[in-house]
Amino acid sequence: MNQYDLNLILNPNISAEQVQIEKDYIENAVRGAGAEISNLDDLGNRRLAYQVGKDREGYYLMYTIKASGNPETAIASSLRLRDNVRRVLVVKDRPEWKTKKA
């Protein structure tokens, strides 16, 4: 199994209950694709680098998942259909990116 980063930006104007509903849906989508969640960083509302729709902010969720195959097609395609999801990015985690170079 390979390790991936699943980064999502949600609508910044949703309530705490709606955020929890989205997290539950994401968890079910990840498990349904045969992957497992190893870490979740809930960063909350942050300013975006550029405007998405009419929003200058977004609610950030960053997951670390372990999956086999290609989670981009299995997980990200179903998450993009959600109304509160603005952006989805799945990146394969590579250990050489985390090493410091002298």
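Because the structure is a prediction, the values reported are computed rather than measured. (Residues numbered from 1 in each chain as written. Predicted model: local features only at pLDDT ≥ 70, side-chain atom pairs only at ≥ 80, totals over all residues. Heavy atoms only, no water.)

K.L.:
Even after reading the chapter, I still don't get the packing of aromatic side chains, so can you show me in this structure?
P.N.:
For any two aromatic rings, the description comes down to two numbers: the centre-to-centre distance and the angle of the planes. In total, this model carries zero aromatic pairs according to the counting rule given. When the ring centre of Tyr25 is taken as origin, the NZ or CZ atom of Arg82, which lies over that ring, is 4.0 Å away. (Phe/Tyr/Trp six-rings, centres within 6.5 Å; stacked < 30°, edge-to-face > 60°. Lys NZ or Arg CZ within 6 Å of the ring centre and 35° of its normal.)

K.L.:
I tried to follow the nonpolar core on my own but got confused; where do I start?
P.N.:
Where a protein is soluble and globular, its nonpolar side chains tend to be buried together. Judged by nonpolar contacts, the single largest core of 21 residues is most densely connected at Leu6, Leu8, Ile26 and Leu79. No other element matches strand E3 (residues 55-67), which puts five residues into this core. Contact partners of Ile26, with chain neighbours within four places excluded, come to Leu6, Leu8, Leu61, Tyr63 and Leu79. (Core = buried A, V, L, I, M, F, W, Y, C linked by side-chain atoms within 4.5 Å. Buried < 20%, exposed > 50% of the residue type's maximum accessible area, 1.4 Å probe, protein only. Helix = DSSP H or I, 4+ residues; strand = E, 2+ residues; numbered from the N terminus. Contact = heavy atoms within 4.5 Å.)

K.L.:
What exactly am I supposed to notice about the side chain of Asp55 here?
P.N.:
The topology assignment puts Asp55 in strand E3. Within polar-contact distance, the side chain of Asp55 engages the side chain of Arg86 at 3.3 Å. Setting aside residues no more than four positions away along its own chain, Asp55 makes contact with Asn11, Pro12, Asn13, Leu48 and Arg86. (Polar contact = N/O pair within 3.5 Å; in protein donor to acceptor, adjacent residues only side chain to side chain.)

K.L.:
Where do I start with helix H1 (residues 16-32) in this structure?
P.N.:
Owing to its 3.6 residues per turn, the α-helix brings residues three or four apart onto one side. With 17 residues, H1 extends 24 Å from end C-alpha to end C-alpha; this agrees with the ideal 24 Å at 1.5 Å per step. Taken as a whole, H1 has its buried residues at Val19, Glu22, Lys23, Ile26, Ala29 and Val30. Buried residues of H1, seen end-on, are gathered within an arc of 125 degrees and therefore sit on one face of the element. Facing away from the buried surface of H1 by more than 90 degrees, the exposed residues are Glu17, Ile21, Asn28, Arg31 and Gly32. Backbone geometry just after H1 places Gly34 at a positive phi near 85 degrees. (Expected span 1.5 Å × (residues − 1). Arc of directions from axis to C-beta.)

K.L.:
Would you explain the environment of Glu36 in this entry?
P.N.:
Locating Glu36 in the fold gives a position in strand E2 (residues 36-52). The partly exposed category is assigned to Glu36, whose relative accessible area is 43%. Through-space distance from the C-alpha of Glu36 to that of Thr64 is 8.7 Å; in sequence the pair is 28 residues apart.

K.L.:
For this particular structure, what's the right way to read the environment of Val52?
P.N.:
Structurally, Val52 is set in strand E2. Of the residues examined, Val52 reaches a relative accessible area of 11% and is grouped as buried. Residues Val52 and Arg86, 34 residues apart in the sequence, show an inter-C-alpha distance of 7.5 Å. Setting aside anything within four residues of it in sequence, one finds Val52 in contact with Arg86 and Arg87.

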